[in-house]
Amino acid sequence: MSTPPIRRKPRSDAERNRDRVLEAARALFAEQGYDVQMSEVARMAGVGVGTLYRKYPTREALIEAVAERRSAEMAAFARARCQAEADPPQALRVFLCHVGEVLADDRGMSEVIEKAMGSTEPRGETRAALLSVVTELIDRAQASGVIRSDVTTEDVNMIVCGLAAVIRHSAGDWRRFIEIALDGLRPSQTT
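Residues numbered from 1 in each chain as written. Predicted model: local features only at pLDDT ≥ 70, side-chain atom pairs only at ≥ 80, totals over all residues. Heavy atoms only, no water.

### Observations regarding helix H6 (residues 107–117)
Item 1. Buried within H6 are the following residues: Met109, Ser110, Val112, Ile113 and Met117. End-on, the buried residues of H6 take up no more than an arc of 165°, which puts them together on one face.
Item 2. In this fold, the buried residues of H6 make contact with helix H1 (12–32), helix H4 (59–82) and helix H5 (88–105).
Item 3. Positive phi appears at Gly118, one or two residues downstream of H6, with a value of about 85°. (Buried < 20%, exposed > 50% of the residue type's maximum accessible area, 1.4 Å probe, protein only. Helix = DSSP H or I, 4+ residues; strand = E, 2+ residues; numbered from the N terminus. Arc of directions from axis to C-beta. Contact = heavy atoms within 4.5 Å.)

### Re the nonpolar core
Item 1. The biggest cluster of nonpolar side chains holds 32 residues, and the ones touching the most others in it are Cys82, Phe95, Leu96, Val99, Val156 and Leu185.
Item 2. Of all the secondary-structure elements, those providing two or more residues to this core are H4, H5, helix H7 (124–143), helix H8 (153–168) and helix H9 (174–185).
Item 3. Counting residues per element, this core draws most heavily on H5, at eight residues.
Item 4. Setting aside chain neighbours within four positions, we find Phe95 in contact with Ala78, Cys82, Leu130, Val134, Leu137 and Val160. (Core = buried A, V, L, I, M, F, W, Y, C linked by side-chain atoms within 4.5 Å.)

### Examining the environment of Leu163
Item 1. By the secondary structure assignment, Leu163 is in helix H8.
Item 2. The spacing of Leu163 and Asp173 is 10 residues in sequence and 9.7 Å in space, taken between C-alpha atoms.
Item 3. The contacts of Leu163, once residues within four sequence positions are left out, are Leu96, Val99, Gly100, Trp174, Phe177 and Ile178.

Structural data, given as C-alpha cells:
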C-alpha cells in the first residue's frame, strides 16, 4: 500500500503571483470583457506567460478561479460581518447589500463569468460555504420570529439571483429590490 503524497504549502512567492494574477484578471476582464488576452493578464500581474499558463491553462480556468475567489470573499464577509451582527434581520440585509455592492461594482466581471461558465452561480466548496452561512443567518432570523418559518436557503438564493438580474439589466434600484424581497420574508400580520 502506498502512502499518499504530502501536500506542501505553496511558496509565498507563488501565492503572491497567484494573487496578482487573479487581481489583474479580475480588473482586465471587468473592464475589457471576455476577449482579454492571457498575455495582457500576465503583463499586468508582472509574471511570465508560462507562470500564468502553468496555473491556469485556459482562459476559462482563469475566469473560474476569479469567480471562485469572488464568491469566497463574499462568504468570508458573511462569516466575519453578518454573523457578528446582533440583529438577525439586519444580518441578512447586510449580506444581501454586500452581494449587491459586489455585483454592481463588478458588473463586467459577472458578464465574463456567465459567458465562460454559463452562470455566475458559485460552485463546489465555495457554494457550500455561502449556503452554510446563509442557512445560519436564516436560522437566527427564524428563531427570533422576524422571518417566516418556511423560508429556506434556496429562497434567499433566488433573491440573490433576482438581485443579480436587476443589477445586470439596470432594471431599477437594487437596494429597493432587497427591501421588497426582505418584506416578503416577514411573517404575515394577521388581525
